[in-house]
Amino acid sequence: MNSHLFSSLTVGAQTFSNRIVVSPMCQYSANDGCAADWHRMHLGALAGSGAGLVMVEATAVERAGRITHACLGLYSDANESALAQTIAFCRTAGSAKLGIQLAHSGRKGSCEVPWDGGAKLAANRDPWPTFAPSASGDGSVVACTQADLDRIKQAFVDAAVRAVKVGFDVIEVHAGHGYLLHQFLSPLANRRADQYGGELENRMRFPLDVFEAVRAVVPERIVVGARITGSDWVDGGITVQEAIVFARELATRGCDYVDVTSGGVAPAKIPVGPGYQVPFASEIKKSVGICVRAVGMIVTAQQADDIIASGAVDAVTLARAFIDNPHWPYEAARVLGEELSYPPQYARAEPKLWPGSKLKG
Ligand SMILES: Cc1cc2nc3c(=O)[nH]c(=O)nc-3n(C[C@H](O)[C@H](O)[C@H](O)COP(=O)(O)O)c2cc1C
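Rules of the game
- Residues take numbers from 1 onward in each chain, read along the sequence in its written order.
- pLDDT decides what is reported in this predicted model: residues at 70 or higher carry local features, side-chain atom pairs at 80 or more are listed and counted, and totals for whole chains, interfaces and linings draw on all residues regardless.
- Side-chain numbers come from the whole structure's heavy atoms, not from hydrogens or water.
- The numbering of helices and of strands both runs from the N terminus, where a helix is a DSSP run of H or I of at least 4 residues and a strand a run of E of at least 2.
- The quantity called the radius of gyration is restricted to C-alpha atoms. Its globule counterpart is 2.2 Å times the number of residues to the power 0.38.
- Exposure categories follow from relative accessible area, calculated using a 1.4 Å probe and restricted to protein chains: below 20% of the type maximum is buried, above 50% is exposed, and the middle band is partly exposed.
- Contacts are assigned to residue pairs that have any heavy atoms within 4.5 Å of one another.
- His is not counted, nor are the chain ends; Lys and Arg add positive charge and Asp and Glu add negative charge.
- By convention, the point assigned to a charge is CZ for Arg, NZ for Lys, CD for Glu and CG for Asp.
- UniProt positions are given in the numbering used here, feature names are shortened, and annotations may be inferred rather than shown by experiment.
- Near, as used in this document, describes a residue that has one of its heavy atoms within 4 Å of the molecule or strand being considered.
- Here a polar contact is recorded for every N or O atom pair within 3.5 Å, except that within protein the pair must consist of a potential hydrogen donor and a potential acceptor, and residues adjacent in sequence are included only if both atoms are side-chain atoms.
- Working definition of accessibility: Shrake-Rupley area with a 1.4 Å probe, residue cover restricted to the visible protein chains.
- Cavities and pockets are defined on a 1 Å grid built over the protein atoms alone: a cavity is a set of grid points where a 1.4 Å probe fits but cannot escape, while a pocket is an open set with protein on both sides within 12 Å along at least five of seven lines, and lining residues are those with an atom within 4 Å of any such point.
- More than half of a molecule's atoms lying within 2 Å of a cavity's or pocket's grid points is what places that molecule inside it.
- Each residue gets one label: Ala, Val, Leu, Ile, Met, Phe, Trp, Tyr, Cys and Pro are nonpolar, Asp, Glu, Lys and Arg are charged, and the others, such as Gly, are polar.
- Within this document, salt bridges are pairs made up of a side-chain nitrogen of Lys or Arg and a carboxyl oxygen of Asp or Glu, the two lying within 4 Å of each other.
- Grid points are joined across faces, edges and corners, and a volume is the space filled by probe spheres set on the points.
- The criterion for an aromatic pair is that two Phe, Tyr or Trp rings (for Trp, the six-membered ring) have centres within 6.5 Å, with stacked assigned to planes under 30 degrees apart, edge-to-face to planes over 60 apart and tilted to the rest.
- Put simply, buried Ala, Val, Leu, Ile, Met, Phe, Trp, Tyr and Cys residues joined by side-chain atoms within 4.5 Å make one nonpolar core.

## Digging into the overall build of the protein
On a plain count of helices and strands, the protein comes out with 11 helices and 12 strands. Taken against the 2.2 N^0.38 rule, which gives 21 Å for 361 residues, the C-alpha radius of gyration of the protein at 20 Å falls within 12% of a compact globule. When the backbone C-alpha atoms are referred to their principal axes, the protein occupies close to 65 × 40 × 40 Å. Across the 361 residues in the protein, those meeting the buried criterion constitute 58%. Taking all contacts inside the protein whose residues are at least 6 apart in sequence as the whole, residues at least 24 apart take part in 70%. In the protein, 33 positive and 36 negative side-chain charges are present, and the distance between their average locations comes to 3 Å.

## Observations regarding the UniProt feature "domain: NADH:flavin oxidoreductase/NADH oxidase N-terminal" (unreviewed entry) in the protein
Here the UniProt-annotated "domain: NADH:flavin oxidoreductase/NADH oxidase N-terminal" (unreviewed entry) positions come out as residues 5–333. Each end of residues 5–333 is marked by a C-alpha atom, and these two atoms are 9 Å apart; helix forms 35% of the span and strand 17%.

## Brief notes about the site of the ligand
For the ligand, the set of nearby residues contains 16 residues, the closest of which are Ser23, Cys26, Arg227, Met297 and Arg320. Backbone polar atom of Ala58 to an oxygen atom of the ligand: 3.0 Å apart, as the coordinates give it. The side chain of Arg320 places a nitrogen or oxygen atom 2.6 Å from an oxygen atom of the ligand. Taken by itself the ligand offers 600 Å² of open surface, and the protein chains cover 81% of this. Judged by the fraction of its atoms near the pocket grid, the ligand is located in the largest pocket. Taken together, the residues of the shell around the ligand sort by class into 8 nonpolar, 5 polar and 3 charged.

## Overview of the environment of Ser231
Among the structural elements, Ser231 can be located in the loop between strand S9 (223–229) and helix H7 (240–252). Taking C-alpha positions, Ser231 is 19 Å from Pro133, a pair spaced 98 residues apart along the chain. Setting aside residues up to four positions removed in sequence, Ser231 forms contacts with Ile238, Thr261, Ser262, Gly263 and Phe280.

## What to know about the pattern of salt bridges
Per the counting criterion, the structure on display carries 23 salt bridges. Between Asp194 and Arg192 there is a salt bridge whose closest N-O contact spans 2.8 Å. The partner of Arg215 in a salt bridge is Asp256, and the shortest N-O contact between them spans 3.0 Å. Taken together, the positions of Arg215 in helix H6 (residues 205–217) and Asp256 in the loop between H7 and strand S10 (257–261) put the pair 41 residues apart, joining distant regions of the chain. In this pair, the class of Arg215 matches that of Asp256, namely buried. Through salt bridges with shared partners, a single ionic network connects Asp77, Glu80, Arg162 and Lys165.

## Brief notes about the layout of surface pockets
If you add up the space inside the largest pocket, you get close to 940 Å³. Along the wall of the largest pocket there are 44 residues; nearest its centre are Pro24, Met25, His177, Ala319 and Arg320. For the lining of the largest pocket, the elements supplying multiple residues, two or more each, are helix H1 (37–47), strand S12 (315–318) and helix H10 (320–324). Looking at side-chain class alone, the lining of the largest pocket contains 25 nonpolar, 15 polar and 4 charged residues.

## Digging into the packing of aromatic side chains
Summed over all chains, the structure comprises 7 aromatic pairs. Between Tyr196 and Phe206, the ring centres sit 6.5 Å apart and the planes meet at 90°, which makes this aromatic pair edge-to-face. Here Tyr196 is found in the loop between helix H4 (180–185) and helix H5 (200–203), whereas its partner Phe206 is found in helix H6, with 10 residues between them in sequence. Among the residues examined, Tyr196 registers a relative accessible area of 6% and is labelled buried. Between Tyr330 and Tyr342, the aromatic rings sit 4.3 Å apart at their centres with planes inclined by 65°, giving edge-to-face as the arrangement. With a gap of 12 residues between them, Tyr330 in helix H11 (residues 328–336) and Tyr342 in the segment after H11 connect regions that are remote in the sequence.

## A look at the nonpolar core
Leu5, Val258 and Ile284 are the most contacted members of the largest nonpolar core, which has 96 residues in total. For this core, the leading source of residues is helix H3 (residues 146–166), giving 9 residues. Excluding its chain neighbours within four sequence positions, the residues that come into contact with Ile284 are Ile228, Val240, Ala243, Ile244, Ala247, Val258, Val260 and Val292. Within the second largest apolar cluster, 11 residues are counted, among which are Val11, Met55, Val170 and Val223.

Have a look at this one:
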């Protein structure tokens, strides 16, 4: 073993063969929440990519928690059955562990898919009222009542129970990117005066309630983590100090890892560059005894290996690099002098059997 990237990692009750994670990526290709052929192709390829873990895209826990009409969901028997078939197929296509990100879009719901512009759905496009900590002036965003919070928390729990039945190894609660749980956490979206607004302790209350309720129904053998924000990148928004407090509270509730992202709750100038979110993840790792993953503009094998070798985080999560090259780990192994076992169908492209691999530099 020459690299750090390809060393195994134990998180909670699961051991991953390496520290490479495929980031959740919305595909906007579902039918009323049901996975489609596209998901088989997309997730099947990634299951065989050589990554230690593949995270399925943000999956809505209730219909109103979708971003678009085409978002994946886990709120009905039909959703569960379609996803179970996709995941069973992935198990035959590769050996990656499989995780799912459970999400609620909150005020970011009821939109067109990105390639149709991503705008709010017009009246003739079957829009739905969206839920958030605080209402909007135009009435399209409803401030959650206690009954709404109870319903949404139960929806997370029900979706988690379905995810266990589908057979996932990892369940992740999405508390980033400006979606509902992040809306509660951030003072930029949460203007409530009750026990869910104001001080951080109050803003964390609903996300922590949801996490705790999910963890309680998921067996110990399944890893449960969260994607959290390291910064809102806006004055008056969440800072890494608040993220540390949140991560610590999650850890005390049985959270196995945090995956640290940023932004998305309000317009911000984000200095996007190589590994730009790693410092947040590293701060959290230093301060909280929890497994931490870094994400964002991690692109090359050497960069990924250096991040792990530095001890900044435990694992790296990559999104667009896997769209660019769904066999990214094979390429990384070649660059870092590691040997990954290829499925027999692909064995003739192993570096030791394929002279052409030397031409790749
Ligand atoms: C097509 C696409 C879909 C995405 N969907 C999700 C998602 O479902 N959940 C999520 O947390 N992040 C999502 N993201 C963000 C990525 O997971 C990742 O955090 C971000 O792209 C930065 O990583 P990268 O520089 O490796 O692409 C998406 C990104 C892309 C490119």
